[in-house]
Amino acid sequence: MVSVNAGAAWAKHLFPLVGAQGVTAVRVGLAAAIMLAIVRPWRRLPARRDALNLLVYGLMLGCMNLLIYAAFARIPIGVAVAIEVVGPLAVVVLSSRRARDLGWVLLAALGLWLLAPVHAGVPPLDPLGVAYALGAAFCWAMYIVFGKRVSGLNGGHAVAWGMLAAALFTVPVGVAHAGAALLDSSVLLGGLAVAVLSSALPYTLEMAALAKLPQRVFGILVSAGPAFAALAGFVVLGEMLTFMQWLAIALVIVACGGAAATAK
């Protein structure tokens, strides 16, 4: 959580140079190159039944990065992640299938409602930024589902193949948007830092966690993401949130953590 959100906040510094799409392309492309060079997954090719899951896992990873960076460009990081983390909440609730978990959904919905600019002291949010964050929430949910399916493989191999699939999707999008600007030294160096902090390191750790932890425990840990994101936005970018926004983030965190803690 610390690594991925610090990298996300740093990535926002690069948006004026190559846009959210360009930063995503550099981050994912360099992370894929790092993982392939270290792990060399071609030495043990995945079974045919795992190949499709790895492909979907990688595509969801790439889409999640594109969408959440597009959201970061339009709304505060802490708010965007508070919306995005609804994806893992949906995974927990749908897997538990108990009526009482509807309460956690309603609590998260209350938190999201407090983010709406209909309350005193709540600044308006860019609607497109909110839509991007919701799209990232869906991709995060699918990332967890398919990540769990391939977590039985060697963790490094699964992440390397997934990052390769994500790079094959995101790099062309970034090149189409930013072109030769992606080769600027400042962009490459900044992108390398973001690739390590926000992709190579945390995804490897997440895969190891998914292999060793129940999905419930993983969901509890992930639920703290919005708080880390908001703090990273404040420390790195100076993004100031209102009391109502912090309250909304807290409600989403309690809903996600509570759902994960009480899920079977």
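Structure: see above.
A brief report on the enclosed structure follows. All values reported here derive from a predicted model rather than from experimental measurement. (Residues numbered from 1 in each chain as written. Predicted model: local features only at pLDDT ≥ 70, side-chain atom pairs only at ≥ 80, totals over all residues. Heavy atoms only, no water.)

1. Notes on the overall build of the protein chain
Here's step 1: A count of helical and extended segments in the protein chain gives 12 helices and zero strands.
Here's step 2: Against the compact-globule benchmark of 18 Å for 264 residues, the protein chain has a radius of gyration of 18 Å, which places it among compact chains.
Here's step 3: Classification of the 264 residues of the protein chain by burial places 50% in the buried group.
Here's step 4: Residue pairs at least 24 apart in sequence account for 88% of intrachain contacts in the protein chain once pairs closer than 6 positions are excluded.
Here's step 5: Put simply, the protein chain shows about 11500 Å² of open surface, and 73% of that area lies on carbon and sulfur atoms.
Here's step 6: Each charge class in the protein chain can be summarised by its mean position, and for the 16 positive and 7 negative side chains these summaries are 15 Å apart. (Helix = DSSP H or I, 4+ residues; strand = E, 2+ residues; numbered from the N terminus. Rg over C-alpha atoms; globule rule 2.2 N^0.38 Å. Buried < 20%, exposed > 50% of the residue type's maximum accessible area, 1.4 Å probe, protein only. Contact = heavy atoms within 4.5 Å. Areas by Shrake-Rupley, 256 points an atom, 1.4 Å probe, with all protein chains shown as cover. Lys, Arg positive; Asp, Glu negative; His and termini not counted. Charge placed at Lys NZ, Arg CZ, Asp CG, Glu CD.)

2. Observations concerning empty space enclosed by the protein
Here's step 1: Applying the stated rule across the entire model yields three cavities of 30 Å³ or more.
Here's step 2: Of the pockets and cavities examined, the largest cavity occupies roughly 250 Å³.
Here's step 3: Looking at the largest cavity, it is lined by 17 residues, and the ones nearest its centre are Val4, Asn5, Glu84, Trp140 and Tyr203.
Here's step 4: Elements that contribute at least two residues to the lining of the largest cavity include exactly helix H1 (2-12), helix H3 (48-72), helix H4 (77-84), helix H7 (127-150) and helix H9 (185-212).
Here's step 5: In terms of residue count, the dominant contributor to the lining of the largest cavity is H3 (five residues).
Here's step 6: Looking at the lining of the largest cavity, its residues break down into 11 nonpolar, three polar and three charged.
Here's step 7: In terms of lining, the second largest cavity is formed by Pro88, Val91, Val92, Ile144, Gln215, Phe218 and Gly219. (1 Å grid on protein atoms, 1.4 Å probe; cavity = no way out; pocket = protein on both sides within 12 Å on 5 of 7 lines; lining within 4 Å. Points joined across faces, edges and corners; volume = space filled by probe spheres on them. Nonpolar A, V, L, I, M, F, W, Y, C, P; charged D, E, K, R; others polar.)

3. Looking at a nonpolar patch on the surface
Here's step 1: The grouping of Trp10, Phe234, Val235, Val236 and Met240 at the surface amounts to a nonpolar patch, some 530 Å² of accessible area in total.
Here's step 2: Tallying contributions element by element places helix H11 (residues 225-237) first for the nonpolar patch, with three residues.
Here's step 3: Relative to the elements of secondary structure, methionine 240 occurs in the loop between H11 and helix H12 (243-262). (Patch = residues over 30% accessible without salt bridge, like charges linked within 9 Å, V, L, I, M, F, W, Y side chains within 5 Å. Salt bridge = Lys/Arg side-chain N within 4 Å of Asp/Glu carboxyl O.)

4. Focus on the side chain of serine 198
Here's step 1: By the secondary structure assignment, serine 198 is in helix H9.
Here's step 2: What makes serine 198 buried here is its relative accessible area of 0%.
Here's step 3: If sequence neighbours within four positions are ignored, serine 198 has contacts with Ser3, Val4, Gly7, Ala8, Arg27, Tyr69 and Tyr203.

5. Some thoughts on the packing of H1 against H11
Here's step 1: Interhelical geometry of H1 versus H11 gives an angle of 40 degrees and a closest axis separation of 9 Å. If you check the angle between H1 and H11, you find them oblique. For the pair H1 and H11, the crossing hand works out as right-handed. In contact with Val2, Asn5, Ala6, Ala9, Trp10 and Lys12 of H1, H11 contributes Gly225, Phe228, Ala229, Ala232, Val236 and Leu237.
Here's step 2: Class assignment for the residues of the contact of H1 with H11 results in nine nonpolar, two polar and one charged. (Axes fitted to C-alpha atoms, helices over the stretch in contact; angles between N-to-C directions. Parallel < 35°, antiparallel > 145°, perpendicular 65-115°, else oblique. Left-handed = near helix turned anticlockwise from the far one by under 90°.)

6. Let's talk about the layout of surface pockets
Here's step 1: If you add up the space inside the largest pocket, you get close to 210 Å³.
Here's step 2: Lining the largest pocket, in full, are Met1, Ser3, Val4, Pro202, Leu205, Glu206, Ala209, Phe218, Leu221 and Val222.
Here's step 3: Elements that contribute at least two residues to the lining of the largest pocket include exactly H1, H9 and helix H10 (215-222).
Here's step 4: When grouped by side-chain class, the residues that make up the lining of the largest pocket number eight nonpolar, one polar and one charged.

7. Section: H7
Here's step 1: In this model H7 runs 35 Å from its N-terminal to its C-terminal C-alpha over 24 residues, within 8% of the 34 Å that 1.5 Å per residue would give.
Here's step 2: Within the span of H7, buried status applies to Gly129, Ala133, Ala136, Ala137, Cys139, Trp140, Ala141, Tyr143, Ile144, Phe146, Gly147 and Val150.
Here's step 3: Where H7 starts, the residue carrying a side-chain oxygen 2.8 Å from the main-chain nitrogen of leucine 128 turns out to be aspartate 126. (Expected span 1.5 Å × (residues − 1). Polar contact = N/O pair within 3.5 Å; in protein donor to acceptor, adjacent residues only side chain to side chain.)

8. Some remarks on the packing of H11 against H12
Here's step 1: Remark: H11 packs on H12, axes separated minimally by 8 Å, with the N-to-C direction vectors making an angle of 150 degrees. Relative to H12, the element H11 is oriented roughly antiparallel. Taken together, the residues of H12 that come into contact with H11 (itself represented by Pro226, Ala227, Ala230 and Leu231) are Trp246, Ile249 and Ile253.

9. Quick look at the nonpolar core
Here's step 1: Counting 43 residues, the largest nonpolar core has Tyr143 and Met163 as its most contacted members.
Here's step 2: Looking at this core, the elements that each hand over two or more residues are helix H2 (15-39), H3, helix H5 (86-96), H7, helix H8 (155-178), H9, H10 and H12.
Here's step 3: The element best represented in this core is H7, accounting for seven residues.
Here's step 4: For methionine 163, the contacting residues outside a window of four places in its chain are Val28, Ala31, Ala32, Met35, Leu61, Ser199 and Tyr203. (Core = buried A, V, L, I, M, F, W, Y, C linked by side-chain atoms within 4.5 Å.)

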